Amino acid sequence: MEWYQILLIVVGVLVGIGLGFVLGIGYRKKVAEREIGSAELEATRLINEAIRSGESRKKEMLLEAKDEIHKSRTENEREIKERRSELSKQERRLEQKEAALDKKTEAFERKEEELAKKLQKVTETQNQTEEIKRQQMETLEKISQLTQEQAKQYLLQNVEDEVRHEAAMKIKEIEAQLKDEAEEKGREIIATAIQRCAADHAAETTVSVVPLPNDEMKGRIIGREGRNIRTLETITGVDLIIDDTPEAITVSSFDPVRREVARLALEKLIVDGRIHPTRIEDMVEKARKEVDRTIREEGERACYETGVHNLNPELIKILGRQKYRTSYGQNVLNHSIEVAHIAGLMAAELGVDIAMAKRAGLLHDLGKSIDHEVEGSHVQLGADLARKYKENPVIINAIEAHHGDVEPKTVIAVLVQAADAISAARPGARRENVENYIRRLQKLEELTCSYPGVDKAFAIQAGREVRIMVKPEVVSEDNMILLARDIAKKIEAELEYPGQIKVNVIRETKAVEFAK
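In what follows, the accompanying structure is described. It should be emphasised that the depicted structure is a prediction, and the values quoted were computed from it without experimental measurement. (Residues numbered from 1 in each chain as written. Predicted model: local features only at pLDDT ≥ 70, side-chain atom pairs only at ≥ 80, totals over all residues. Heavy atoms only, no water.)

1. Some remarks on the overall build of the protein
Alright, step 1. Counting its regular elements, the protein contains 14 helices and 8 strands.
Alright, step 2. Counting every position in the protein, which comprises 516 residues, the buried fraction comes to 29%.
Alright, step 3. Summarising the internal contacts of the protein: among those between residues at least 6 apart in sequence, 62% fall at separations of at least 24.
Alright, step 4. Put simply, the protein shows about 35,300 Å² of open surface, and 55% of that area lies on carbon and sulfur atoms. (Helix = DSSP H or I, 4+ residues; strand = E, 2+ residues; numbered from the N terminus. Buried < 20%, exposed > 50% of the residue type's maximum accessible area, 1.4 Å probe, protein only. Contact = heavy atoms within 4.5 Å. Areas by Shrake-Rupley, 256 points an atom, 1.4 Å probe, with all protein chains shown as cover.)

2. So, a nonpolar patch on the surface
Alright, step 1. Among the surface-exposed residues, Ile6, Ile9, Val10, Val13, Leu14 and Ile17 lie close enough to one another that they form a single nonpolar patch of about 550 Å² accessible area.
Alright, step 2. Examined against the element boundaries, Ile9 turns out to sit in helix H1 (residues 3–144).
Alright, step 3. Under the relative-accessibility criterion, Ile9 is labelled partly exposed at 48%. (Patch = residues over 30% accessible without salt bridge, like charges linked within 9 Å, V, L, I, M, F, W, Y side chains within 5 Å. Salt bridge = Lys/Arg side-chain N within 4 Å of Asp/Glu carboxyl O.)

3. Some details on the environment of His341
Alright, step 1. Looking at the element boundaries, His341 is found in helix H8 (residues 332–350).
Alright, step 2. Measuring from C-alpha to C-alpha, the distance between His341 and Ala419 comes to 8.5 Å, with 78 residues separating the pair along the chain.

4. Some points on helix H11 (residues 393–401)
Alright, step 1. Within H11, 7 of the 9 residues are buried, which leaves the element mostly enclosed by the surrounding structure.
Alright, step 2. For H11, every residue scored as buried is listed here: Ile395, Ile396, Asn397, Ala398, Ile399, Glu400 and Ala401.

5. A few points about the pattern of salt bridges
Alright, step 1. According to the stated counting rule, one finds 21 salt bridges in the structure shown.
Alright, step 2. Between Glu82 and Arg78 there is a salt bridge, with the nearest N and O atoms lying 2.8 Å from each other. One end of the pair, Glu82, and the other, Arg78, are both in helix H1, 4 residues apart, so they sit about a helical turn from each other.
Alright, step 3. Each of Glu42, Arg45 and Glu49 takes part in salt bridges that share partners, so that together they form one network.

6. What to know about the pairing of strand S7 (residues 465–470)
The side chains of a regular strand alternate between the sheet's two faces.
Alright, step 1. Pairing between strand S6 (residues 454–460) and S7: 6 bridges, direction antiparallel. Counterpart to Ile460 in the pairing with S7 is Glu465.
Alright, step 2. Two elements, S7 and strand S8 (residues 502–507), share 6 bridges in a ladder whose sense is parallel. By the bridge assignment for S8, Met469 is matched with Ile506. (Pairing = 2+ DSSP bridges.)

7. Section: the sheet that holds S6
Alright, step 1. Across the sheet, 3 strands lie side by side as S6-S7-S8; this open sheet has mixed pairing. Edge positions in the sheet fall to S6 and S8, since each has one partner strand and no second. The sheet shows a mean angle of 20° between the axes of neighbouring strands, taken without regard to direction. (Axes fitted to C-alpha atoms, helices over the stretch in contact; angles between N-to-C directions.)

Take a look at the structure:
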């Protein structure tokens, strides 16, 4: 095919494409014009419909508004009518009340006039009465020769005397009744406490007996030239009594702790078999540690049994030492525990602090743990220990007052006094019987009365104090001090007694004259 043919074909194709494009644009334009015309017609139709719908809605709303206005007007007219009717009724009621008030006012005015007249009459009558009364008083004053004020004072005095007499009689009657009831209640409380706290007692002594396996052991304990027994006695501070008693050695000491240490050391030496001074020292040291541990455990046991808590550890140790202390054969630790229980029981009956009562009862004989080491009575020593370890003032007062050395300031102090007496007075609690007790007091009074110038002597507080009344014309103020010292030294030399005895010398001068 030639090139011009190809060119013609290409030109023809291009011309066909151009014609098709032109014809397509014309067609789309016509279609668009038709659509625009249809849209305008539709828009016109919608606008017309909206106008017609708006006019219709407008008419409906106007009609509804007219109806609503009509209803509101009708309601308002009805309410106005009802209010007018109510107002008319109220006006009528007010007019009726006003008329009634007018009538009442008139009646009150009439009554007021009548009352004024009556008041005037009453005033006149009262004046007449006052005048009559004045005349009568003048007549009475002339008859009695007393003024009105004097007569009033006389009557008041008589009434006051009568009332005071009746009050005194009533108070006396109430006091007697309360005293009877208090004594009965006290006996009941003490009896209940004694019954609920019944304890067994076993008298203890100041010696301990150590059994021996055979008599040959006595020689080994004595040692060559007595060196073993001397070493043991020197280290422990006790006396070993080796007599004819078969297979036994007696350990004697006023200090129960020393005696217990010596007893334990002897038992350990006997079991060990090696008895010489060095071994004795080792066993005594072990026995001391064992006794210290026992003392601490016994103090803790006493606190646990009585429910006493927060006690200073040093006080617990001092308390535990009472296990090895006796008073007339009564174990002091068991006695203190029993006093704590009894005081607690009585405190519960009286509504007093039970814990405080038990604490005071447990610590009341605290001084007996050290009274053989330190000068002073066990009461004062116990109070000093309690102060040292910051005990409550109530506890300190109970310790000081349990033997009457000071006045009890609280109910708890009185309860501890009673509990201490109950525990010590139980049958079998203490070895000293009544006869020995009375004999000791009699001997104390006889010894005191043997001095010249002594008028009377009284042993009080269970023999813990002797009160001496001297003749003032024989014993001077200066000689009183010398006399008290001489009597104290003679008591120390001739009497046996536990603790201390207070010598109280009293010199009293009296002047007596008779009025005739």
